[in-house]
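As a plain string of letters, each chain reads:
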Amino acid sequence: MLRSPKNLNPRAVFKRSGVTELWKRRKISNFEYLMQLNKMAGRTFNDIMQYPVFPWVLSDYTSETIDLKDSRIYRDLTKPIGALNPNRLAQLLERFNEFADFGLPEQERFLYGSHYSSPGVVLHFLIRQEPFTSMAIELQSGRFDCPDRLFFDVAESWKSCMTSTSDMKELIPEMFTLPEMFLNTNNFPLGSTQSGHSIDNVGLPPWARGSPYEFVRVHRKALESEFVSQNLNHWIDLIFGYKQRGPESEAAHNVFHYLSYEGSVDLDLIVDEVDRAAAESQIQNFGQTPSQVLVKEPHPCRYGAEECWKPLMYDVSVTPTGLPQRGKASQFLT
């Protein structure tokens, strides 16, 4: 992975920021905390090779209605995407163990050949929005990718992440903030799938009622749910923390290609131009793991809602006259 400037130590920046304590006490949202973590781990909207990474939080994209208080509709945040399906994981572990038979050095063995965040992942999700449309066309040598590989349905995208041995992608912040990313407002000719499905707007779960605005509203609300609040620390351990690499990473089935990790190779020491170009291409195009901000200890849990500070205005009850009742105040300010 490309090295960070020597004067920027992400672990020191994270430790001194105090942002974790704010999150633990619920003074900032899950969304804001993830954005801060990404920033301190070297992720930025200005570089699709280092784009902010967010988790899939829901697992139900087929029901007519959705109850965000039901823990069964959420993804298991203690496991990486690739380990959520035990059958697929068994296939990947078999391949991982075979690497030793082929004489591959231990440090170069990996479970997942594709990364959870890469330029391709970013362009996959944002293909309907410029400048990402033009960037996606440039990546595919002047044309759109095969329609079956485009982002055309949320449920199908989740299904692919659960079944494919080459699809481990997580999400991007826009999935929780940008309804327009699901609309083909520019009428780009995205083609038709092999099954004859014409690709235009992104297909949404039934519970979104056909509205990308409703989808983003519910999706963002799910990110801020009590289930995610109590389990987000486990996902942070996998992406930014002590389960990112080393023995803990192997135990969690969270092992990616060695070139995706920061400091894994010094490009200046690769003399052969072909080998150097190959390493650079792997790093730039196939995903980079964020800088590790927690090395030894697990990320702390969030305090329960009942233990935390609440603003004066946090709960609204409206009378028939339209005026708030005495002693009540706005829940929207929490």
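Residues numbered from 1 in each chain as written. Predicted model: local features only at pLDDT ≥ 70, side-chain atom pairs only at ≥ 80, totals over all residues. Heavy atoms only, no water.

Peer 1: When you look at the nonpolar core in this model, what are you seeing that I'm missing?
Peer 2: In a soluble, globular protein the nonpolar side chains are often hidden away together inside. In terms of nonpolar packing, the biggest core is built from 78 residues, with L58, F125, M175, F182, F215, W235 and F240 touching the most fellow members. Breaking this core down by element, the ones donating at least two residues are helix 2 (19-24), helix 3 (30-40), helix 4 (86-101), helix 5 (119-125), helix 6 (132-139), helix 7 (154-163), helix 8 (212-223) and helix 9 (226-239). If we skip the residues at most four places from it in the chain, L58 touches I66, L68, I73, Y74, R75, W158, W207, H219 and A222. (Core = buried A, V, L, I, M, F, W, Y, C linked by side-chain atoms within 4.5 Å. Buried < 20%, exposed > 50% of the residue type's maximum accessible area, 1.4 Å probe, protein only. Helix = DSSP H or I, 4+ residues; strand = E, 2+ residues; numbered from the N terminus. Contact = heavy atoms within 4.5 Å.)

Peer 1: Quick question: what am I supposed to make of the pattern of salt bridges here?
Peer 2: Side chains that differ in sign of charge can pair as their charged atoms come close. Across all of its chains, the model carries ten salt bridges by this definition. Salt-bridge contacts for R75 lead to E170; the nearest nitrogen and oxygen are separated by 3.0 Å. With a gap of 95 residues between them, R75 in the loop between helix 3 and helix 4 and E170 in the loop between helix 7 and helix 8 connect regions that are remote in the sequence. For the pair shown, R75 and E170 are each scored as buried. A salt bridge links R209 to E214; its shortest N-O distance comes to 3.5 Å. Of the residues examined, E214 reaches a relative accessible area of 12% and is grouped as buried. Three or more residues are tied together by salt bridges with common partners; here these are E21, K24 and R25. (Salt bridge = Lys/Arg side-chain N within 4 Å of Asp/Glu carboxyl O.)

Peer 1: It is not clear to me how the environment of L123 should be interpreted in this structure. Could you clarify?
Peer 2: Looking at the element boundaries, L123 is found in helix 5. Take L123: its relative accessible area is 5%, and that puts it in the buried class. With 27 residues separating them along the chain, L123 and L150 place their C-alpha atoms 9.5 Å apart. With residues near it in sequence (within four places) discarded, L123 still touches I48, F132, M135, A136 and L139.

Peer 1: How should I be thinking about the side chain of Q288 in this particular structure?
Peer 2: Mapping Q288 onto the fold places it in the segment after helix 11 (273-285). By relative accessible area, which is 1% here, Q288 ends up buried.

Peer 1: Which parts of the structure should I look at to understand the environment of G191?
Peer 2: By the element assignment, G191 lies in the loop between helix 7 and helix 8. A residue is classified by how much of its surface remains accessible, and G191, at 35% relative accessible area, is partly exposed. A sequence separation of 43 residues divides G191 from D148, and the C-alpha atoms of the two residues are 9.1 Å apart. Setting aside anything within four residues of it in sequence, one finds G191 in contact with P147, H197, S198 and I199.

Peer 1: Before we go on, may I ask you to explain helix 7 in this structure?
Peer 2: Since the α-helix advances by 3.6 residues per turn, residues separated by three or four positions end up pointing in the same direction. Residues V154, S157, W158, C161 and M162 constitute the buried set of helix 7. Burial along helix 7 is one-sided: seen end-on, the buried residues are contained in an arc of 135°. Those residues of helix 7 that are buried are in contact with helix 4, helix 5 and helix 8. Its side-chain oxygen 3.0 Å from the backbone nitrogen of A155, D153 forms the N-cap of helix 7. (Arc of directions from axis to C-beta. Polar contact = N/O pair within 3.5 Å; in protein donor to acceptor, adjacent residues only side chain to side chain.)

Peer 1: Is there a simple way to explain the side chain of R88 in this structure?
Peer 2: Along the chain, the position of R88 falls in helix 4. For the buried R88, no salt bridge is present, and the opposite-charge side chain at shortest range is D167, 6.6 Å distant. At 2.8 Å, the side chain of R88 and the backbone oxygen of I81 are in polar contact. Among residues more than four places away in sequence, those in contact with R88 are I81, G82, S160, C161, M162, T163, S164, T165, D167 and M168. (Lys, Arg positive; Asp, Glu negative; His and termini not counted.)

Peer 1: What's the story with the packing of helix 1 (residues 10-17) against helix 3 in this structure? I'm lost.
Peer 2: When two helices pack together, you describe them by how their axes are tilted relative to each other and by the distance separating the axes. It is at 9 Å that the axes of helix 1 and helix 3 come closest, and there the two elements cross at 145°. Two secondary-structure elements touch here, helix 1 through P10, V13, F14 and S17 and helix 3 through Y33, L37 and M40. Taken together, the residues that form the contact of helix 1 with helix 3 break down as six nonpolar, one polar and no charged. (Axes fitted to C-alpha atoms, helices over the stretch in contact; angles between N-to-C directions. Nonpolar A, V, L, I, M, F, W, Y, C, P; charged D, E, K, R; others polar.)

Peer 1: When you look at the packing of helix 3 against helix 9 in this model, what are you seeing that I'm missing?
Peer 2: Running from N to C, helix 3 and helix 9 cross one another at 15°; their axes reach a closest spacing of 11 Å. When the axis of helix 3 is compared with that of helix 9, the two are roughly parallel. Crossing geometry of helix 3 relative to helix 9 is assigned as right-handed. Across from N30, Y33, L34 and L37 in helix 3, the residues of helix 9 making contact are V228, S229, L232, W235 and I236. (Parallel < 35°, antiparallel > 145°, perpendicular 65-115°, else oblique. Left-handed = near helix turned anticlockwise from the far one by under 90°.)

These figures come from the coordinates and say nothing about function on their own.
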